[in-house]
Amino acid sequence: LCNIFPKSIAQRLKDGETPIADDIDNATVLFADLIGFTKLSSSISAKKLVVLLNNVFSEFDELIAKHSLEKIKTIGDNYMLAGGIPHATENHATSVASMALDMLDAMPIINEKTQNSLQIRIGISSGPVSAGVIGKKKFIYDLWGDTVNVASRMESSGVKDHIQVSETTYQILKDVYKFKNRKKQNIPGKGSMNTYLLTGILD
């Protein structure tokens, strides 16, 4: 269970609590998408595809442990993680930002190992989320709310091999990390939004 859920959530499930639902005031959510993976999937065998995806996501899983974050789920070639859940932490945004930079740095190494040229697009947003476990079959620990939706939009409207963050994340990190200000983006379902590209840590 602890390989599937955060330890505290696994214990609550073992204790018979259902459904599990928590409101978390401050968390940071990251989505990462492998660019070119869909096209690649049509040209190689299923086994090679799974091995490749396993190589990439296993590397990300190791980075998750390094930064003490929670992997939420994978959806096809999309990887979702969060900081500040299931327990509040003051450094949730900085931990996720450092994780994102490490993910970018890891891609050339992964490509060299796998003899591929995959690229990645990352989106991050911070704010309140709802978290919990619902259902009775093949359930997972998942997140819901506007923060999750905005993080997903930050990824889908982002730039390849870059990290796009929302205004809320930028405000938390602007004194610690370097950013490039993008022109206002028309985000589906959200309208015009200020977004920023995270480029590194301030000296």
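Residues numbered from 1 in each chain as written. Predicted model: local features only at pLDDT ≥ 70, side-chain atom pairs only at ≥ 80, totals over all residues. Heavy atoms only, no water.

Peer 1: Help me out: how do you make sense of the nonpolar core in this one?
Peer 2: Note on soluble globular proteins: their nonpolar side chains tend to be buried together. Among the nonpolar cores identified, the biggest contains 39 residues, and Phe60, Met103 and Ile122 are the most heavily contacted of them. Per-element tally for this core: the top contributor is helix α4 (residues 92–114), with 11 residues. Beyond its immediate stretch of four places on either side in the chain, Met103 contacts Leu30, Ala32, Phe60, Leu63, Tyr79, Leu81, Ile120 and Ile122. Listed in part, the 19 residues of the second largest apolar core include Ile24, Val29, Val129 and Ala131. (Core = buried A, V, L, I, M, F, W, Y, C linked by side-chain atoms within 4.5 Å. Buried < 20%, exposed > 50% of the residue type's maximum accessible area, 1.4 Å probe, protein only. Helix = DSSP H or I, 4+ residues; strand = E, 2+ residues; numbered from the N terminus. Contact = heavy atoms within 4.5 Å.)

Peer 1: Hey, could you run me through the packing of aromatic side chains in this one?
Peer 2: Aromatic rings in a pair are described by how distant their centres are and how their planes are angled relative to each other. Counted according to the given criterion, the structure contains five aromatic pairs. Ring centres 6.2 Å apart and planes at 35° place the aromatic pair Phe57 and Phe60 in the tilted group. Of the two residues, Phe57 and Phe60 are both situated in helix α3 (residues 46–67); the distance of three residues between them amounts to about one turn of the helix. This pair shows no difference in class: Phe57 is buried, exactly as Phe60 is. Between Tyr170 and Tyr196, the aromatic rings sit 3.8 Å apart at their centres with planes inclined by 5°, giving stacked as the arrangement. Taken together, the residues span a long stretch of sequence, with Tyr170 in helix α6 (residues 167–173) and Tyr196 in strand β10 (residues 195–201) at a distance of 26 residues. For the pair Tyr170 and Tyr196, one class covers both residues: buried. Three or more aromatic residues joined by ring pairs make a cluster, and in this case those are Phe57, Phe60 and Tyr79. (Phe/Tyr/Trp six-rings, centres within 6.5 Å; stacked < 30°, edge-to-face > 60°.)

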